[in-house]
Amino acid sequence: MAETSEFRAQPPEGIDATGASSEGASVYQLIRDDIIEGRLAANERLVITDLARRHGTSTNPVREALQLLRGEGFVTFVPNRGARVRPIDQDFVRDIYEIGVLIEPSLTRWFVNMATVEDIAELERIQSLIEENNFTETVRHSELDTAFHTVMYRKHYNRHAAELWWKHREVLRAVGRRFDFTLARRAAILSEHRELIAHVKAGRANEAAELIARHVEGSGRHILEHMRARNAARAG
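This text gives an overview of the structure that appears in the document. This structure is a prediction, so every number in the text was calculated from the model and none was measured. (Residues numbered from 1 in each chain as written. Predicted model: local features only at pLDDT ≥ 70, side-chain atom pairs only at ≥ 80, totals over all residues. Heavy atoms only, no water.)

## Description of the overall build of the chain
Of the regular secondary structure elements, the chain holds nine helices and three strands. For the chain, the α and β elements follow one another from N to C terminus as α-β-α-α-β-β-α-α-α-α-α-α. The principal-axis extent of the C-alpha atoms belonging to the chain is close to 55 × 45 × 35 Å. Going through the 236 residues of the chain one by one, you find that 45% of them count as buried. The contacts in the chain between residues at least 6 apart in sequence include a share of 73% that link residues at least 24 apart. Put simply, the chain shows about 12000 Å² of open surface, and 49% of that area lies on carbon and sulfur atoms. (Helix = DSSP H or I, 4+ residues; strand = E, 2+ residues; numbered from the N terminus. Buried < 20%, exposed > 50% of the residue type's maximum accessible area, 1.4 Å probe, protein only. Contact = heavy atoms within 4.5 Å. Areas by Shrake-Rupley, 256 points an atom, 1.4 Å probe, with all protein chains shown as cover.)

Structure (C-alpha cells):
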C-alpha cells in the first residue's frame, strides 16, 4: 500500500486550481493564509503597495491575488474605498457549505450512474489510506479526503459545476484546518465514506446523493460548532 505522504489532492483535470500566474498564485496563498490565521484582521484595508512590500513582490501579482480572493469571498471591494478583508464568520462558512449541499448530490448522482470498476477501486484504495492514516496527521487526511471526493467529480461533463465544487471545497478546507476533528465526526466520516462506496457499487444513485448531502452538511456544521465554541471562549 502506498504511503499517505505520497498523496496530494489535485483539482479535476482541466481545472486550474487558481487560474493565476505562478507568482500571483504564491502571493494569493500567502494573503489567504494571513486572512484565515487572523494576521490580517476582519475589515482591514488591503493596500496593494503595502502587501507587495510585505511579500517582496511587485504590485501586479498582488492585484491578481486580490481578485482571486475576491472570487472566493475572502476579500471585498468597496467603491472608492478599495479592498478589505471579509470577516471569516459563521455566516461565511454557512453560505459556502450550503452551496455544496445543493450541487454535490447532483454530481454524485451522475457519478453513480457512470462509475467504472476502476473508479470504485480507486475510491476503495483512497479510503484504505484514509483509514490507515486514521486522522493521525490532519494535513494528510485533508489531502486524502479531497482526493476521495475528486474521484467522483473529476469526469463530470459540467466543468463549471466541478470547478465551483473544487473552489468552495478549498475554501472550507482552508478554514477548517484550524480545528481538530471530534471523535464523533471522525467516526461519521469513515462510516459515510464506506456507505457511499456501497451505494456506488450497488448503483443506488438517489441514496448516494442523499448521503453526500448529509456528509457535506455534517462537515460544515462541524466547522460552525468549533467557531461557536471559540467565540464563546473568547467572550468569556
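Picking up after the structure, the text goes on.
## Topic: unusual backbone geometry
The backbone of Asn-43 sits at a positive phi, close to 70 degrees, despite the residue not being glycine. Looking at the element boundaries, Asn-43 is found in the loop between α1 (22-36) and β1 (45-46). The backbone phi angle of Phe-135 is positive, close to 65 degrees, even though this residue is not glycine. Tracing the chain through its elements places Phe-135 in the loop between α5 (117-133) and α6 (138-153). With relative accessibility at 3%, the residue Phe-135 sits in the buried group.

## Points about the pairing of strand β3 (residues 82-85)
Relative to β3, β1 runs antiparallel, the two being bridged by two bridges. Looking at β3, one finds that Leu-46 is bridged to Ala-83. Both strand β2 (residues 75-78) and β3 contribute to a ladder of four bridges, which runs antiparallel. Bridge assignment links Phe-77 to a residue of β3, and that residue is Ala-83. (Pairing = 2+ DSSP bridges.)

## Here's the deal with the environment of Leu-69
Tracing the chain through its elements places Leu-69 in helix α3 (residues 59-72). Linking Leu-69 and Val-93, residues 24 residues apart in sequence, is a C-alpha distance of 15 Å. Every residue in contact with Leu-69, bar those within four places of it in the chain, is listed here: Tyr-28, Ile-31, Arg-32, Phe-74 and Val-75.

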